[in-house]
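# Chain and residue survey
Listed below, chain by chain, are the residues.
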2 protein chains.
Amino acid sequence: MPTYTAPVRDTRFVLENVLDLPALAGTPGFEDFDADMIAPILEEAGKFFAEVVAPTNLPSDRQGCTRNPDGTVTCPDGLKDVYDRVREAGWLTLSLPLKHGGQGMPGVLGMAVEEYFTSANMAFAMTSGLTAGAVEAIMARGSEEMQALYVPKMISGEWSGTMNLTEPHAGTDLGLLRTRAEPNGDGSFAITGSKIFISSGEHDLTENIIHLVLARTPDAPKGTKGISMFVVPKFIPDADGNPGERNSFSCGSIEEKMGIHANPTCSMNYEGATGWLVGDENKGLAAMFIMMNAARLWVGLQGLSQAENAYQNGAAYALDRRQGRSLTGAKDPSESADLLVVHPDVRRMLMDGRAWTEGMRALALWTCMQIDIAEGSDDEAARQKADDMVQLLTPVVKGIGTDIGSNVANDMQQVWGGHGYIEENGMAQFVRDARITRIYEGANGVQAMDLVGRKLPMHGGRAIQALFAEVDADVEKASGDERLAEIATALGKANGELKAASMWLMQNGPANPNNVGSAAYFYMEMLGLVSIGWMWLRSAVAAAKALDEGAEDAAFMEAKLLTAKHFALGLLPDAGALRRKLQAGADTIMAMPADSFLRAG
Amino acid sequence: MPTYTAPVRDTRFVLENVLDLPALAGTPGFEDFDADMIAPILEEAGKFFAEVVAPTNLPSDRQGCTRNPDGTVTCPDGLKDVYDRVREAGWLTLSLPLKHGGQGMPGVLGMAVEEYFTSANMAFAMTSGLTAGAVEAIMARGSEEMQALYVPKMISGEWSGTMNLTEPHAGTDLGLLRTRAEPNGDGSFAITGSKIFISSGEHDLTENIIHLVLARTPDAPKGTKGISMFVVPKFIPDADGNPGERNSFSCGSIEEKMGIHANPTCSMNYEGATGWLVGDENKGLAAMFIMMNAARLWVGLQGLSQAENAYQNGAAYALDRRQGRSLTGAKDPSESADLLVVHPDVRRMLMDGRAWTEGMRALALWTCMQIDIAEGSDDEAARQKADDMVQLLTPVVKGIGTDIGSNVANDMQQVWGGHGYIEENGMAQFVRDARITRIYEGANGVQAMDLVGRKLPMHGGRAIQALFAEVDADVEKASGDERLAEIATALGKANGELKAASMWLMQNGPANPNNVGSAAYFYMEMLGLVSIGWMWLRSAVAAAKALDEGAEDAAFMEAKLLTAKHFALGLLPDAGALRRKLQAGADTIMAMPADSFLRAG
């Protein structure tokens, strides 16, 4: 049985030592946000999710969800009670707006806590996570009346929300969707069509489920310009706002999936279901992107959460299991064998796991803080700069965060050897659960295209240029400190590779758009390396400073310096190879006739 | 439901065009081995495994094995019948010795066919694969009488065999094992102890199961020098060699695993079971390595088999599923969307999949052919050279072959998007099944240590020096042909990186063995890249030659040239980054105090 401890010390280091909290405190509404306020909240959240939620992870995966003959879905034993405890403890509303019953904290704190929830049970945490996205869309596009009707009960967690995008023939390509919405004449619409892969589409955790459904009105233009968003509640709220009449749709089946078994993935059949337009007709895709943007960071965080949990269990095993002897002579001669942690190849995997996980945590939280600034700062230049970074890094946090989730989970399973392949030990679940994060909310290849095709050229490349400059400035500043010089040099070199790759794209993209497509994933990986490497340089600077100031937890700070150095020497060198592969261009891969891909017998 | 076509055309290309068949035909016993003999066997095998076995893969994974209350184990529906058909068709005996009832073909042909079997249903193919390993150990170390008693029925597949190594506390470190063997006074021993992770330890496919069990005799030295091997049949053969008395051991449980559900992974309880010594007392580990060496190539082939099957289904989906439009304008304007295969990032994954899979097939078969030469040639120099290559490349075929299996399966699952995460589509199974191959038969980190710690320094580095020279010679020869020059240049550069890494190891290993440990995995990956790159250069040379000679299947040969170029430009550049990471050495990763790996709350 795996164990989980919320990495509160590490979250605090990121928030208190690496991020620029005073800058956030300068944002109206967050004046009181400082280390003294953060620490007890993180401590309490960490304790709660580790003790109350984490023990449900393995059993709820083994049991899975059940669709009953009447079309209702029953979640694994105990989850309903635990859901109520999460809700009642107030963990769902930390960073939601005060005016709707939230607690008004910065989003960065909400995300820090969400990581603990998601590590504790990712499949279970999805229901409230998706609800938060639905709330954002309704708040952004719904009428005042609609907001008043749905938002408070969704924020409180009494009701949950979903996104209904995918149809059997329309996944990434939403322009293909066919679900119809016919006006009923009373301001409502009759929604008819089939949706698939609807996470938390039907379940027994909440008294009502509010679906946001993409559909086409009768005369809508073809493609993505003819999509509208509708709110389609399972039970239509009555005059008092309580769940009333059952709406005309149902869950036709739940999928048997590789992982996230504790979350029901539903096919939904809408048969003239009553729905109301959210925002303007034919502007549904833009409305859906409001939830998808927030959701992309959250999915990146899911990757991080699985990496963290897997890392913890990999490290614990390496310090418990005895096999073989150290290459430099027995370390524990009185024992039958040394601990796994004496073996360099095991340590390499553990160091990689730490370096990716802690670096990714810093990047994810830094990006969330930029949202807080972009949305709340009263300084226009600060807002713009922060928003540029959010736009640029959102696909990176999603794509790289989830690749890290899969890679670290696989490495930590490897540390466990054969025992890692046995389901009761929990390592396989991290691999299986993390795997979906690379696919949903826009497959990582789609994130890469969003980055390279849309985000990079925005405002003439303003965002990436700003990032290059900030990285170079930090490299320059750190180069004089001998504890930091190697780290700074490696990051400077990787940043140089990224600049070269950017230049290649500028020179080779316009003539052949396929060069943009073939380069996209490599570019995303490079930007992931550089931005996480940047967070590591900042972390190393902060750790060195803390040591200079006589930090109480010197071992923690020394470990930060060592892990930063490992990221620099052991992971950043990939930037060069990625640049070379990117520069191979599209010619060879596009030259193969399509039929030649099929295997002849 | 996934589909499978045996890649007969590609196997034939490797055997007929890339490998040096005339050299093999010079080996006594294989004089008739040529293209005319190979083709019909491969065709028939391909048809059989695709039609008879492949349809069992998905359903047998979904159903899994059942342990009955009496300790017997029932395999998924239909597998017993299919097993009998495989056996009766003679597919298990192709390359086994004539004198024991085999068909006496070269091992390389047996392996080529084994790939089809393993692609068709890896979990199911394990039972006969393990039997083949057990047969090898008994033939190498067992008495004439023991061979006569067991080998013919194991070769025919009437009986199966297993390896019993692992105990709960003794995985990689076999020196820790505790199972006892007490002499009964009649030449037999009473075996007592618990073994875990025993693949095919108990099942209903064969009338008898012959376990090879590692155990300690009463006065055995500690550690690996005190291990003996015993043959412990489920039913003790009677005077006529038929299954007689039930032996005193049982399957206590079967594991719930991430994958290979159609193979029962058993915990075995030996309670004074009757066994007979195989070979000399205390020499059990050496005997077990006979099976393990053969098994390592076979596990590498398992990785290949899952990569191949996943690739086929990824490619088929990319040529069937329509999402989005080509970046250079609609390719099928009359359709609602273009095929996935128009997208460069999808093609990149497909090209990677082809390049790894076909290159790995060439390397695996080339290595198998070296065994045929090493064991059968009447030219001592040829035998030695071939044996050097087998020694050097066995851990590489296992380590890299299985990494390729996991990586390609994951990429092809990604091509399928959300549908790849749904179990009924079969892509998840490839990922889950392939995952174990990186762990068992010596985890890949252990393979890397075997390579760098034992194989590389053998005979003063004779094997790796021979490989460097052969690669350089092929690079030199190919450089003049403009179709091959880019491929040759890239391979030459990667070979240079590998030489530099070898030099670094020679200079930095002796002073600190941990540098060998931290470098091992990177070195294995580099040698994998170079040796597969070498096979690609040879494949490209062969394809260019075939085109010059007016090959009938020009499209096949052109695809070979393109895929070789993709390997050169799109994958070989990793060699440089691997060399840099290798040269980071062990200092940083060994500097972290062990306790600092544990996450503080």
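In the nomenclature of an unreviewed UniProt entry, chain A is known as 3-methylmercaptopropionyl-CoA dehydrogenase of Croceicoccus naphthovorans. One UniProt comment on chain A, placed under Catalytic activity (unreviewed entry), says "3-(methylsulfanyl)propanoyl-CoA + oxidized [electron-transfer flavoprotein] + H(+) = 3-(methylsulfanyl)acryloyl-CoA + reduced [electron-transfer flavoprotein]". As stated in UniProt under Function (unreviewed entry), the record for chain A gives "Involved in the assimilation of dimethylsulphoniopropionate (DMSP), an important compound in the fixation of carbon in marine phytoplankton, by mediating the conversion of 3-(methylthio)propanoyl-CoA (MMPA-CoA) to 3-(methylthio)acryloyl-CoA (MTA-CoA)."

Attention now goes to the overall build of chain A. Broken down by element type, chain A carries 19 helices and 11 strands. In summary, chain A has a C-alpha radius of gyration of 24 Å against a globular reference of 25 Å for 601 residues, a match within 12%. If you line up chain A on its principal axes, its C-alpha atoms span 80 × 65 × 60 Å. Among the 601 residues that make up chain A, the fraction classed as buried is 64%.

Residues and elements named next belong to chain B. Structurally, Q447 can be placed in helix α13 (residues 444-455). Separated by 56 residues in the primary sequence, Q447 and Q391 place their C-alpha atoms 12 Å from one another. With sequence-adjacent residues up to four places away left out, Q447 is seen in contact with R296, P395, K398, G399, E441, G442 and M524.

With that settled, the discussion passes to the UniProt feature "domain: Acyl-CoA dehydrogenase/oxidase N-terminal" (unreviewed entry) in chain A. Cross-referencing UniProt, the feature "domain: Acyl-CoA dehydrogenase/oxidase N-terminal" (unreviewed entry) maps to residues 43-158 of chain A in the present numbering. Secondary structure within residues 43-158 of chain A divides into 64% helix and 3% strand; the distance between the first and last C-alpha atoms comes to 25 Å.

Next up on the list: the relation of the copies chain A and chain B. With an RMSD of 0.0 Å, the fit of chain A onto chain B corresponds to turning through 180° and sliding 0.0 Å along the axis. Such a combination of turn and shift is consistent with a two-fold rotation axis. Considering only C-alpha atoms, the residue of chain A closest to the rotation axis is A:A577, which sits at 2.9 Å. In this assembly, 100% of the residues forming the interface of chain A have copies in chain B that are likewise at the interface, indicating an isologous arrangement.

Attention now goes to the environment of B:L571. Relative to the helices and strands, B:L571 is located in helix α17 (residues 554-571). For the pair B:L571 and B:H211, spaced 360 residues apart in sequence, the C-alpha separation works out to 42 Å. Excluding anything up to four places from it in sequence, B:L571 contacts A:K581, B:D352, B:A355, B:W356, B:L529 and B:H566.

Our next topic: the packing of aromatic side chains. Under the defined criterion, the tally for this structure stands at 26 aromatic pairs over all chains. A network of ring pairs unites the aromatic residues A:F48, A:F49, A:Y83, A:W91, A:F117 and A:F124 as a single cluster. Directly above the aromatic system of A:F235 lies the positively charged group of A:R246, at a separation of 5.8 Å from the ring centroid. Over the face of the ring belonging to B:F522 we find A:R348, whose NZ or CZ atom lies 5.5 Å from the ring centre.

By size, the foremost hydrophobic cluster in this structure holds 381 residues, and its most contacted members are A:F49, A:Y523, B:F49 and B:Y523. Per element, the largest residue contribution to this core is 22 residues, and it comes from helix α16 (residues 513-548) of chain A. The residues contacting A:Y523, other than those within four sequence positions of it, are A:L451, A:V452, A:L456, A:I464, A:F468, A:L498, A:A501, A:S502, A:L505 and A:L582.

What follows is about helix α14 (residues 462-478) of chain B. Residues and elements named next belong to chain B. If you check α14, its first and last C-alpha atoms are 24 Å apart, about what 17 residues at 1.5 Å a residue would give, namely 24 Å. Those residues of α14 that sit buried are A463, I464, L467, F468, V471, D474, V475 and A478. What you see down the axis of α14 is that its buried residues fit within an arc of 135°, all on one side. Of the exposed residues in α14, those oriented more than 90 degrees away from the buried face are E476 and K477. Structurally, α14 contributes buried residues whose contacts are with α11 (380-415), α15 (485-508) and α16 (513-548).

Attention now moves to the interface of chain A and chain B. Interface size is commonly expressed as the accessible surface area that is lost when the partners come together. Facing the 104 residues of chain A at the interface are 104 residues of chain B. Summed over both sides, the interface between chain A and chain B buries roughly 8,800 Å², with carbon and sulfur atoms accounting for 61% of that surface. It is A:Y421, A:F597 and A:R599 in chain A that bury the most area against chain B; as a group they hold 11% of the surface buried on that side. For the pair chain A and chain B, the number of links is 8 salt bridges. For A:R62, the salt bridge is made with B:E256, and the minimal N-O distance between the two is 2.4 Å. At the boundary of chain A with chain B, the tally comes to 44 residue pairs in polar contact (both at pLDDT 80 or more). A per-element tally of the side of chain A that touches chain B places helix α10 (residues 344-376) of chain A first, with 10 residues. For the side of chain A that touches chain B, the residue count by class is 48 nonpolar, 29 polar and 27 charged.

What counts as what
Residues numbered from 1 in each chain as written. Chains lettered and ligands numbered in written order. Predicted model: local features only at pLDDT ≥ 70, side-chain atom pairs only at ≥ 80, totals over all residues. Heavy atoms only, no water. UniProt positions renumbered as here; feature names shortened; annotations may be inferred. Helix = DSSP H or I, 4+ residues; strand = E, 2+ residues; numbered from the N terminus. Rg over C-alpha atoms; globule rule 2.2 N^0.38 Å. Buried < 20%, exposed > 50% of the residue type's maximum accessible area, 1.4 Å probe, protein only. Contact = heavy atoms within 4.5 Å. Least-squares fit on C-alpha atoms with pLDDT ≥ 70 in both. Phe/Tyr/Trp six-rings, centres within 6.5 Å; stacked < 30°, edge-to-face > 60°. Lys NZ or Arg CZ within 6 Å of the ring centre and 35° of its normal. Core = buried A, V, L, I, M, F, W, Y, C linked by side-chain atoms within 4.5 Å. Expected span 1.5 Å × (residues − 1). Arc of directions from axis to C-beta. Buried area = accessible area lost by both parts, 1.4 Å probe. Salt bridge = Lys/Arg side-chain N within 4 Å of Asp/Glu carboxyl O. Polar contact = N/O pair within 3.5 Å; in protein donor to acceptor, adjacent residues only side chain to side chain. Nonpolar A, V, L, I, M, F, W, Y, C, P; charged D, E, K, R; others polar.

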